[in-house]
Amino acid sequence: MPRRVEVKIFVDYKQFSFTLGKWSLRLLCSLLALAFIGLLGLGLSAWALGENLFLKHRLAQAERERRELKGALAKAEAKVKEAFQREQEIRLALGVTPKPPGYTQLPIGGPGLPRNWQVERLVRLAEAEAAGMRYLKEVLEQKLELARSLPSLMPARGVITSGFGWRRDPVYGDWRFHQGIDIAAPPGTPVVAAADGVVRFAGWNQGYGKAIEIDHGHGITTFYAHCSRIAVRVGQRVRRGQIIAYIGATGKTTGPHLHYEVRVRGVPQNPERFIIREIKVEFD
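Model, not experiment: these values are computed from the prediction.

A. Region of interest: the packing of aromatic side chains. Applying the stated criterion to the full structure yields four aromatic pairs. Ring centres 5.6 Å apart and planes at 80 degrees place the aromatic pair Trp166 and Phe177 in the edge-to-face group. Here Phe177 lies in strand 5 (residues 175-178) and Trp166 lies in strand 4 (residues 165-168), a separation of eleven residues in the sequence. Look at Tyr224 and Tyr260: their rings are 5.3 Å apart centre to centre, the planes differ by 35 degrees, and that puts the pair in the tilted class. Of the two residues, Tyr224 is situated in strand 10 (residues 220-230) and Tyr260 in strand 13 (residues 257-264); the sequence distance between them amounts to 36 residues.

B. Summary view of the pattern of salt bridges. Per the counting criterion, the structure on display carries nine salt bridges. As a salt-bridge pair, Arg239 and Asp196 come within 3.3 Å of each other at their nearest N and O atoms. Note that Arg239 is positioned in the loop between strand 11 (237-238) and strand 12 (243-247) and Asp196 in the loop between strand 7 (190-192) and strand 8 (197-204), a separation of 43 residues in sequence. Since its relative accessible area comes to 11%, Asp196 is described here as buried.

C. Up close: the nonpolar core. Counting 23 residues, the largest nonpolar core has Ile212, Ile214, Tyr224, Ile244 and Leu258 as its most contacted members. Listed by contribution, the elements that provide at least two residues to this core are strand 6 (181-184), strand 9 (210-215), strand 10, strand 12 and strand 13. Not counting residues up to four positions away in its chain, the partners in contact with Leu258 are Pro155, Ala156, Ile181, Asp182, Ile183, Val191, Tyr224, Ala225, Cys227 and Ile247.

D. Representation of a nonpolar patch on the surface. Where nonpolar side chains cluster on the molecular surface, the patch consists of Phe36, Ile37, Leu40 and Leu44 and spans about 440 Å² of accessible area. Examined against the element boundaries, Phe36 turns out to sit in helix 1 (residues 22-94). The class of Phe36 is exposed, set by a relative accessible area of 57%.

E. Structural view of the environment of Gly163. Locating Gly163 in the fold gives a position in the loop between strand 3 (159-162) and strand 4. Sequence separation of Gly163 and Glu272 is 109 residues, and the distance between their C-alpha atoms is 8.5 Å. Once residues within four sequence positions are removed from consideration, Gly163 is found in contact with His178, Gly180 and Ile181.

The rules behind these values
- Residues numbered from 1 in each chain as written.
- Predicted model: local features only at pLDDT ≥ 70, side-chain atom pairs only at ≥ 80, totals over all residues.
- Heavy atoms only, no water.
- Phe/Tyr/Trp six-rings, centres within 6.5 Å; stacked < 30°, edge-to-face > 60°.
- Helix = DSSP H or I, 4+ residues; strand = E, 2+ residues; numbered from the N terminus.
- Salt bridge = Lys/Arg side-chain N within 4 Å of Asp/Glu carboxyl O.
- Buried < 20%, exposed > 50% of the residue type's maximum accessible area, 1.4 Å probe, protein only.
- Core = buried A, V, L, I, M, F, W, Y, C linked by side-chain atoms within 4.5 Å.
- Contact = heavy atoms within 4.5 Å.
- Patch = residues over 30% accessible without salt bridge, like charges linked within 9 Å, V, L, I, M, F, W, Y side chains within 5 Å.
- Areas by Shrake-Rupley, 256 points an atom, 1.4 Å probe, with all protein chains shown as cover.

Spatial relationships are all this shows, so hold off on functional conclusions.
Okay, structure coming up:
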């Protein structure tokens, strides 16, 4: 290294020069190196401080998200338990076997257990509840269809003058089993279908005169006899309360009335067992 170094500095297009000795030059280089190291340290410190603040922000955000997820899971758990309770109540109402009390615990295990197993468990429970409600919907539809098939309506507005069972025949005078009930009413009184069904017979039936037979499904049929006029045809689907005929005195009878029968799989049943008196039908 030379003993002396001439240093030239230009300021505002003016030149200034001075000479530095060997030790002065070394001191200047050392100071410049220390200043560079100091600036580098300050830069690294500022970067570390910023990184630390960013990590703290991310940790706080992650903690908030964790608390929110925990709250959402708790709400979902409560909803699943509420749905389970509703399903149990519906099962009891429909006469379906309830699920076991610990059903909502639904364990999950195995080597492939996911990290978010709580979410997976709730998803499986929700899917199981959806399947259970679909099953109950099918059961309810079947029961409603059966209810619509039950002959629960009084088929005509009148007075029951003869019940179901053994009686003395009003025409022949001997004891015979009466397979239905007789409803006395003025001629022309409307006769309605006691339940939904399909007309299987509509026409003249010997001593019963003008008669109608309706198939309600599930092995249930109803029979309406001694009508003055028939208002339906074979194969026609009828609804509960729909007018199908009018009371008359056709066939073997002593006066205008409706002979009404209910059969289950061909066996005569007492129609009064099926009639719900509270149901009212508006006759035209």
